[in-house]
Amino acid sequence: MRWLLNPFRRRDMEPQLDAELRFHIEEQVQALLAQGIAEDEARRRVRLEFGGLDQIKEECRDVRPLHWAADFIRDVRFGARSFLRAPNFAAVAILTLTIGIGATTAVYTAIESMVIRPLPFPDPDRLVWIRDQVPSLGITANEIRMSEFRAWREQTTSIEDIAAYNAFFAHLSYNLTGRGEPERLSGVEVSSSLFRLLGVKPTVGRVFSGDEELPKAARVVLLTDGLWRRRFAANPDILGQPLTLNEQIHTIVGVLPPGFHFGSTFAPAANIDVFVPLVRDESAENFGFYLAVLGRLRPGISTQQAQTELISIHRHLEEVRPFLSDFKPNVIALSAHVSGPVRNSLRLLGATVGLFLLLGCANLANLFLARGLSRTREIGIRLSLGGARRRLIRQFAAEALLIAAIGGMLGIVFAYGLLRLVPYARSLHLPRLEEIHLDPWVVAFALSLSVGCSLLFGILPAVSSTSVDIASALKNAASTASGSRTGARLRAILVSAQVGIALVLLIDAGLLIRSFERVLNTDPGFRPEHVLAMRLDAGAKYPRGSQLVPFLTEVRHRVTALPGMESVALVYNLPLDRDMTWDVAIPGKQYRQGMIGDSAYTRIATPGYMRTIGIPIEAGRDFSLVDDRDHPDVVIINHSLARMIAPYRQPLSSTINVNDRAHLVIGIVADVRHSGLDREAGSEIYLSYAQMPASERVLFTGYDLVVRTPAEPQTVVPAIRHVVWSIDRDQPIGPVIAMTDLVDRSLSPRRFVMLLLSLFSGVALAIAAVGVYGVVSYTVSRRTHEIGIRMAVGATAGQVQRLIIGEASLVAGAGIVVGIAASLALLPLFSSQLYGIKHTDAATFLLAPLVLLGVAVLASALPAHRATRIDPRSALLHE
């Protein structure tokens, strides 16, 4: 039969199938007529023997090859037509799936890129991060001295290759001159082994050689791909050309590939322009702890084995350098170091978006269940005509797949749009931002997730909806059908689940909002309003720093003379920007053998800095013009350091040792939260920039010009630039930043998590409200007869409203109980994000359930009010 061989041409097949069946029926009828049976009786017997024609046709269709494909196409077309007749259902279902899949895909793409995906280097599992620990001081990570690095590199056998770079490269800058307008570049000092260790090969030229690390070697430089294209128009003949950096000629030896983003991996938010060799000289040996070290393990060697060997090497080093006795090498996987700072935040976002997707799935299940219950009569008719229950479920599955396909594709588009915002997230200091992108595996994951959610939460309600009593369904009395009762209970459970999930998100968002409020109300220790800062880095232009102070002093005096300037100063290391620590020894305090003193954050400032930045002076005075090299060294300390000195001597006018030099304490100022508003202030010292030794001035050349003006700060920028360039036309001016923006930038990671979670919780609250409204509306429509009887026997409108709202409150209350329990279980994920409040904050745990219960009551109030307007006589005739 031809219709068996061509299952997709239904128009050709159906007439043939119908004709063949009728032929067989007529054959049987004629046989009975030949036996003398009356025609009517003969046809009746044949119909009883054959059964329903539709059932027979369905059985015939089922034996066709690939019949499932034709059936599926037909089911999809039928589903599309049904969705066009119910556009509201289709729109809400697709929108729910789009938001859920899009948000989940975007967040998990970020997590996969920053945490799960291997680092973009050969054999990334063998790359390790090497740091020092100081258990006696509670320090878990510390930079490395040059002497340690050299000893490890020369003596290790478990580490195949080892490399280092200057961890404080953010304090350095390279002034590019002699090629058009001067520009301030960011650069990193790296050992020659770094690029070999990471397997990075230049696009043009070569990387550094070991000889170029020697003090008297010719100066060379490597360009990043971005600088090469931006400043040199990607000229392939750039090799060997001179480049003037900090008044010194460097030779360009290579250009790094575009896929190598040093800042993305090792210093998030840093934009690197050039690399220069890390010089190995005697001054570097004793410069301090400033190296970041990484290595590549030999095959088969574990991090623990490498750490044991480095500790052994370190013990021998302690014999000649006793001050290293408190330091212990620690080896961890490089991937753990890179993703470590953001793991907790990403884990929190992952849990949040997972809950949000679960909420969307519950809403999707509720929508499909409501749609199934609304089609009770249709299902009853189809079952009575011989339709198989599995066939109906297959029809519902096809509809779910159609929703999944549309919602999944739109979700991918939505995720792509969200990920397009990633470049604007640099202020969040997230690692590997450049690697975050949608790839085929992510797209496949998103589509699979969409199909899985739709099938799971579309078929389960279909099973419930098709479990109906045919007689009741045909009478349109589904309220008494077992399937309807099961469906009503299932809808109530789903709504309770939605309420519970929404409450978890609401509580977590409330905790973060209250925590963020506490951070905002925290006194930073200075007044950032109407303060502007811009970077001036003289580089190596002024030999040995002898002309640095006159240059900076002249800039300060001329800017001070500009109209509208309230106060002007210079500082090395702005608040909430960069930090460095120096050793401070308190006379009279006993230190363990090998310890030089306590660590204190260090800033180098000019007179007037305290007034300009708005730091209160609690005792003593600020720097003055006499605090120069011709007078004794002085220091200003903060309140925290003064408390440390107090048990041993009067802090003000006492003498403390800063890096083995005696300094007289001339002032005590308030604590400044330099590491973040959510972190306590530590010990801090301020040194006079005019008293810095010439040997140190050449190291600390980059100062921030800080101005306080009653006008809008940005309006004075052109005048300041004019002043600087009138003194030195080749002096680059770094980024201009308002101090209020610096405060906002320090809050941006916490604000980002809070806003994202607040957005999720707001949408969840709306979904929960819609769910409650839908259940109550459905209940009212099914209980019209009951409500009519109640009102006919004397029930008041208020009693009916309280009954309906009370039942809705019970459903919401069950979800609230579950939500509180789930919130308590998930609190460990949020504890690291909280500041100033307990993770069991009573106000949040009381207010969030009340808000959700109030929303549930409001969502049920409208259907309850509509129920009281039912005419009892019409209600009694409803069924």
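Residues numbered from 1 in each chain as written. Predicted model: local features only at pLDDT ≥ 70, side-chain atom pairs only at ≥ 80, totals over all residues. Heavy atoms only, no water.

## Side note on the overall build of the protein chain
What the protein chain contains, in helices and strands, is 28 helices and 24 strands. Looking at the protein chain residue by residue over its 879 residues, the buried ones come to 51%. Long-range pairs, those at least 24 residues apart, make up 80% of the contacts in the protein chain between residues at least 6 apart in sequence. Total accessible area on the protein chain stands at roughly 39400 Å², and carbon and sulfur atoms take up 59% of it. (Helix = DSSP H or I, 4+ residues; strand = E, 2+ residues; numbered from the N terminus. Buried < 20%, exposed > 50% of the residue type's maximum accessible area, 1.4 Å probe, protein only. Contact = heavy atoms within 4.5 Å. Areas by Shrake-Rupley, 256 points an atom, 1.4 Å probe, with all protein chains shown as cover.)

## Notes on the nonpolar core
Grouped together as the largest cluster of nonpolar side chains are 93 residues, with contacts concentrated most on Y609, I615, Y686 and L852. Counting residues per element, this core draws most heavily on helix 24 (residues 739-782), which supplies 17 residues. Not counting chain neighbours up to four residues away, the residues in contact with Y686 comprise R603, Y609, M610, I615, F623, V635, I636, V669, V672 and H674. With 44 residues, the next largest nonpolar core counts L536, V635, Y689 and Y703 among its residues. (Core = buried A, V, L, I, M, F, W, Y, C linked by side-chain atoms within 4.5 Å.)

## Here we look at the packing of aromatic side chains
Counted according to the given criterion, the structure contains 15 aromatic pairs. Summarising the aromatic geometry, the rings of F262 and F266 are spaced 5.1 Å apart at their centres and angled 35 degrees between planes, so their arrangement reads as tilted. Separated by 4 residues within a single helix, F262 and F266 lie in helix 10 (residues 262-266), roughly one turn from each other. Across the pair, exposure class does not vary: F262 and F266 are buried alike. Every member of this aromatic cluster is reached through a ring pair, and the members are W129, Y165, F195, F208, F260, F262, F266 and F275. (Phe/Tyr/Trp six-rings, centres within 6.5 Å; stacked < 30°, edge-to-face > 60°.)

## Looking at the packing of helix 19 (residues 548-560) against helix 23 (residues 717-727)
In the contact formed by helix 19 and helix 23, the axes pass within 10 Å of each other and the chain directions differ by 140 degrees. Viewed along their axes, helix 19 and helix 23 form a crossing whose handedness is right-handed. Residues F551, E554, V555, R558 and V559 of helix 19 pack against I720, V723, V724, S726 and I727 of helix 23. Taken together, the residues of the contact of helix 19 with helix 23 sort by class into 7 nonpolar, 1 polar and 2 charged. (Axes fitted to C-alpha atoms, helices over the stretch in contact; angles between N-to-C directions. Left-handed = near helix turned anticlockwise from the far one by under 90°. Nonpolar A, V, L, I, M, F, W, Y, C, P; charged D, E, K, R; others polar.)

## Details of the pattern of salt bridges
Counted according to the given criterion, the structure contains 18 salt bridges. Of the charged contacts, one joins D704 and R535 as a salt bridge, the two residues approaching to 3.2 Å between their closest N and O atoms. Of this pair, D704 sits in strand 23 (residues 702-708) while R535 sits in strand 14 (residues 531-537), and the two are 169 residues apart along the sequence. Judged by its relative accessible area of 2%, R535 falls in the buried class. What you see here is one network of salt bridges that share partners, running through E183, R230, R231 and D273. (Salt bridge = Lys/Arg side-chain N within 4 Å of Asp/Glu carboxyl O.)

## A short note on the environment of S567
Structurally, S567 can be placed in strand 15 (residues 567-572). Separated by 45 residues in sequence, S567 and T612 have C-alpha atoms that sit 5.2 Å apart. The contact partners of S567, leaving out residues within four places of it in the chain, are G608, R611, T612, V706, V707 and R708. A polar contact of 2.5 Å, which involves the side chain of S567, links it to the side chain of T612. (Polar contact = N/O pair within 3.5 Å; in protein donor to acceptor, adjacent residues only side chain to side chain.)

## Topic: helix 19
The end-to-end C-alpha distance of helix 19, which contains 13 residues, comes to 18 Å, matching closely the 18 Å that a straight helix rising 1.5 Å per residue would cover. Listed in full, the buried residues belonging to helix 19 are L548, V549, F551, L552, V555, R556 and V559. Along helix 19, the residues classed as buried sweep out an arc of 165 degrees about the axis, all on the same side. (Expected span 1.5 Å × (residues − 1). Arc of directions from axis to C-beta.)

## Side note on unusual backbone geometry
A positive phi is found at L576, a non-glycine position, where the angle reads about 60 degrees. Along the polypeptide, L576 turns up in the loop between strand 15 and strand 16 (581-585). With phi around 50 degrees, N659 is a residue other than glycine that occupies positive phi space. Position of N659 among the secondary structure elements: in the loop between strand 20 (655-658) and strand 21 (661-669).

## Remarks on the pairing of strand 8 (residues 220-223)
Where burial is concerned, the two faces of strand 8 agree: the one with V220 and L222 and the one with V221 and L223 are both buried. Note: strand 8 against strand 10 (residues 248-255), 4 bridges, orientation parallel. Along strand 10, the bridge assignment pairs L222 with G254. Across 2 bridges, strand 8 lies against strand 11 (residues 274-277) in antiparallel orientation. When the sheet's bridge partners are listed, L222 is paired in strand 11 with F275. (Pairing = 2+ DSSP bridges.)

All we've got here are geometric facts, nothing functional implied.
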